[in-house]
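Examination of the molecular architecture
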Amino acid sequence: ARHQGSVRCICFSPDGRRVYSAGDDSTVRAWNGRSGVELLVLQGPPAGVTRLVVSEDGAMLVGAGARGEPVCWDAASGLREEGADVLRQAAALLTPGAAASTADVRASSAASADHNALQDGSVSNALQHAAGDFVVAADGVMVFFFASRDAQKGPVACYKAPGRVTAVRCFGARVCVGCEGGALLFLEAGFCAE
């Protein structure tokens, strides 16, 4: 199972059991966070979803449509949720700095802190995401793993993706990589931990 077209964005549920991805095919897909097995296919708006967040309790999945409009689903069933209260809550989750998935917030903070570690030219124009002991960067079709404490020493591992990497997201030692062509890679980065 895969998206038809590029993967636009990825997010993990707060407990890491699910991964959600949005693609150019106007679908949002739910995956088992460990095995990568597809669990649900949700229909997004016709112009697609450009951002995904999960509520802190993991109950609501919220996407930002291409025009910024919030789209909501029950995270367990995949049923679309509507109504003024739901849309208000969704808009709040999409607001920068909102308390969405705590994993997403922690990872975003770590990515900002570790961003400078990769600015030595070793990975140019990279998509980056950090989680604890490692930083994942992607450039073209290559995915690089750097130990956070020794990023200047170069990557400790790398993988070739099946297409140009368009999205990267981490949860603990688990990494999900989205590509052009709709493929998702589910990787482990435990080798970077002490």
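To start, this report covers the structure provided alongside it. (Residues numbered from 1 in each chain as written. Predicted model: local features only at pLDDT ≥ 70, side-chain atom pairs only at ≥ 80, totals over all residues. Heavy atoms only, no water.)

1. A look at unusual backbone geometry
Keep this limit in mind: Where helices and strands are cited, they refer to DSSP runs of H or I of at least four residues and of E of at least two residues respectively, numbered from the N terminus. Buried means the residue's accessible area, taken with a 1.4 Å probe over protein chains only, is under 20% of the maximum for its type, while exposed means over 50%, and partly exposed covers the values in between.
For Ser26, which is not glycine, the phi torsion reads 65° and is therefore positive. Residue position: Ser26 is located in the loop between strand S2 (18-23) and strand S3 (27-32). According to the relative accessible area criterion, Ser26 is buried, its value standing at 10%.

2. Observations regarding the pattern of salt bridges
Close approach of charged atoms allows side chains with opposite charge to pair. This is how it is decided: The salt bridge criterion pairs a side-chain nitrogen of Lys or Arg with a carboxyl oxygen of Asp or Glu, the two atoms within 4 Å.
Tallied over the full model, the rule gives 6 salt bridges. For Arg17, the salt bridge identified is with Asp15, shortest N-O distance 3.9 Å. Linked by salt bridges that have partners in common, Asp25, Arg29 and Glu38 make up one network.

3. Here's the deal with helix H1 (residues 84-94)
For clarity, the threshold we go by: The arc under discussion is defined with respect to the helix axis, by the directions toward the C-beta atoms. Any two residues having at least one pair of non-hydrogen atoms within 4.5 Å are treated as being in contact.
Listed as buried for H1 are Val86, Ala90, Leu93 and Leu94. Burial along H1 is one-sided: seen end-on, the buried residues are contained in an arc of 95°. Away from its buried face, by an angle of more than 90 degrees, H1 presents the exposed residues Ala84, Asp85 and Arg88. Packed against the buried residues of H1 are strand S5 (49-54), strand S6 (60-65), strand S7 (70-74) and strand S8 (80-81).

4. A look at the packing of aromatic side chains
Here is the rule: Aromatic rings from Phe, Tyr and Trp, taking only the six-membered ring of Trp, are treated as a pair when their centres fall within 6.5 Å; an angle between ring planes under 30 degrees marks them as stacked, one over 60 as edge-to-face, and anything in between as tilted.
The final tally for this structure, using the stated rule, is 4 aromatic pairs. Look at Phe145 and Tyr159: their rings are 5.6 Å apart centre to centre, the planes differ by 80°, and that puts the pair in the edge-to-face class. Taken as a pair, Phe145 in strand S11 (residues 142-147) and Tyr159 in strand S12 (residues 157-160) lie far apart in primary sequence, 14 residues in all. Owing to a relative accessible area of 0%, Phe145 belongs among the buried residues under this scheme.

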